[in-house]
Amino acid sequence: MTGGYEILSVEKLTKKYEKEVLHVEKLSFEKGKIYGLIGPSGAGKSTFLRLINFLESPTTGRIFFRGKEVFGNGRLDLSTQRGMTMVFQKPVLFKTSVSENVAYGLKARGFPKEEIREKVELLLKKVGLEAFAGRHAGSLSGGEAQRIALARAVAFDPGVLLLDEPTANLDPNNIEMFEDLILNLNKEKEMTVIMVTHNIFQAKRIAHEVLFFYEGYLVEKGPASQIFSSPEDPRTRAFVEGRMVY
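Treat the numbers as computed from the prediction; the structure is a model and nothing was measured. (Residues numbered from 1 in each chain as written. Predicted model: local features only at pLDDT ≥ 70, side-chain atom pairs only at ≥ 80, totals over all residues. Heavy atoms only, no water.)

### Considerations on the overall build of the protein chain
Now for step 1: In terms of helices and strands, the protein chain carries 9 helices and 10 strands.
Now for step 2: By the compact-globule yardstick of 18 Å for 246 residues, the protein chain fits well, its C-alpha radius of gyration being 18 Å.
Now for step 3: Overall, the protein chain is about 50 × 45 × 40 Å in size when its C-alpha atoms are taken along their principal axes.
Now for step 4: Looking at the 246 residues of the protein chain, the share that counts as buried comes to 51%. (Helix = DSSP H or I, 4+ residues; strand = E, 2+ residues; numbered from the N terminus. Rg over C-alpha atoms; globule rule 2.2 N^0.38 Å. Buried < 20%, exposed > 50% of the residue type's maximum accessible area, 1.4 Å probe, protein only.)

Here's what the structure looks like:
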């Protein structure tokens, strides 16, 4: 882990539907760190992820990416959109070949054909699926499809990778492979990773810092070792010790 400058931050971020479901006063993320977002179902973790990925608009608040306010001019800056990417719990692949899926974002961004070919080959090798390049994406298993979704997401080297329960539907072997890929991306690219997970053991394994959400609020944030061994808030302790029913 390197850690570094502040790459993403929020101030007074809220989201309200019929009632307020998220309220984060101030929160920042450093370049090159892996963050694990934990908490009971309905705590606001996935809502937070959708807001910072611009899939939804906040009710109030400000979001900053690389020091620049995201909606500072009333519009979402294209360079900001290209600086972040997201992988969901259920991979959504296009009905075409594996290689075409991985190449999609690169083509959309106008990369040269030769560079696209090289990047796709490299990424497929990295996720252990180079032999699957010509296969139809619909023929992949769940674990294979999720690795391709990850390869497609990171093909253009985003600064921030957002993960929403990416291994929830995977078997232990595929979970291990996916976690190894995340650790390697973080190490090789100094990519900031923000991951929502219900698996606290996963957060303990790979996260540098852990954030505990409860009833829409960020209760505690700190190094993974501290959160799991000596959390400051009793609600965090109850959750990591398995005493909080949810």
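### What about the nonpolar core?
Now for step 1: Within the largest apolar cluster, 49 residues are counted, with the highest numbers of intra-cluster contacts made by Ile-38, Ile-148, Leu-150, Leu-161, Leu-163, Ile-182 and Val-210.
Now for step 2: In contact with Ile-38, not counting residues within four places along its chain, are Lys-45, Thr-197, Ile-200, Ala-203, Val-210, Leu-211, Phe-212, Phe-213, Phe-239 and Val-240. (Core = buried A, V, L, I, M, F, W, Y, C linked by side-chain atoms within 4.5 Å. Contact = heavy atoms within 4.5 Å.)

### With respect to the packing of aromatic side chains
Now for step 1: Enumeration according to the criterion identifies 6 aromatic pairs in this entry.
Now for step 2: Taken together, a centroid distance of 6.1 Å and an interplanar angle of 40° make the contact between Phe-29 and Phe-48 tilted. In this pair, Phe-29 sits in strand β2 (residues 20-30) while Phe-48 sits in helix α1 (residues 45-52), placing the two residues 19 residues apart along the sequence. Phe-48 matches Phe-29 in its accessibility class, with the two residues each being buried.
Now for step 3: Centre to centre, the rings of Phe-212 and Phe-239 are 5.2 Å apart; their planes meet at 40°, and the pair counts as tilted. Within this pair, whereas Phe-212 is found in strand β9 (residues 209-214), its partner Phe-239 is found in helix α9 (residues 234-240), the two being separated by 27 residues in sequence. Pair check on accessibility: Phe-212 and Phe-239 agree, each one buried.
Now for step 4: Members of the aromatic cluster, each reached through a chain of ring pairs, are Phe-29, Tyr-35, Phe-48 and Phe-213.
Now for step 5: For the cation-ring pair, Arg-109 lies above Phe-156, with the distance from its terminal atom to the ring centre recorded as 3.7 Å. (Phe/Tyr/Trp six-rings, centres within 6.5 Å; stacked < 30°, edge-to-face > 60°. Lys NZ or Arg CZ within 6 Å of the ring centre and 35° of its normal.)

### Quick word on the side chain of Thr-85
Now for step 1: Among the secondary structure elements, Thr-85 is positioned in strand β6 (residues 84-87).
Now for step 2: Among the polar contacts made by the side chain of Thr-85, one reaches the main-chain carbonyl oxygen of Ala-153 at a distance of 3.3 Å.
Now for step 3: When near neighbours in sequence (up to four residues on either side) are disregarded, Thr-85 contacts Asn-53, Ala-153, Phe-156, Pro-158, Val-160, Leu-161 and Leu-162. (Polar contact = N/O pair within 3.5 Å; in protein donor to acceptor, adjacent residues only side chain to side chain.)

### Some points on helix α4 (residues 113-126)
Now for step 1: Look at α4: 20 Å from first C-alpha to last across 14 residues, which is about the 20 Å you get at 1.5 Å a residue.
Now for step 2: All of the buried residues along α4 are Ile-116, Lys-119, Val-120, Leu-123 and Leu-124. Along the long axis of α4, the arc covered by the buried residues comes to 130°, so they all point the same way. For α4, the exposed residues lying more than 90 degrees away from the buried face are Leu-122 and Lys-125.
Now for step 3: The secondary structure elements touched by the buried residues of α4 are α3 (98-108) and α5 (142-154). (Expected span 1.5 Å × (residues − 1). Arc of directions from axis to C-beta.)

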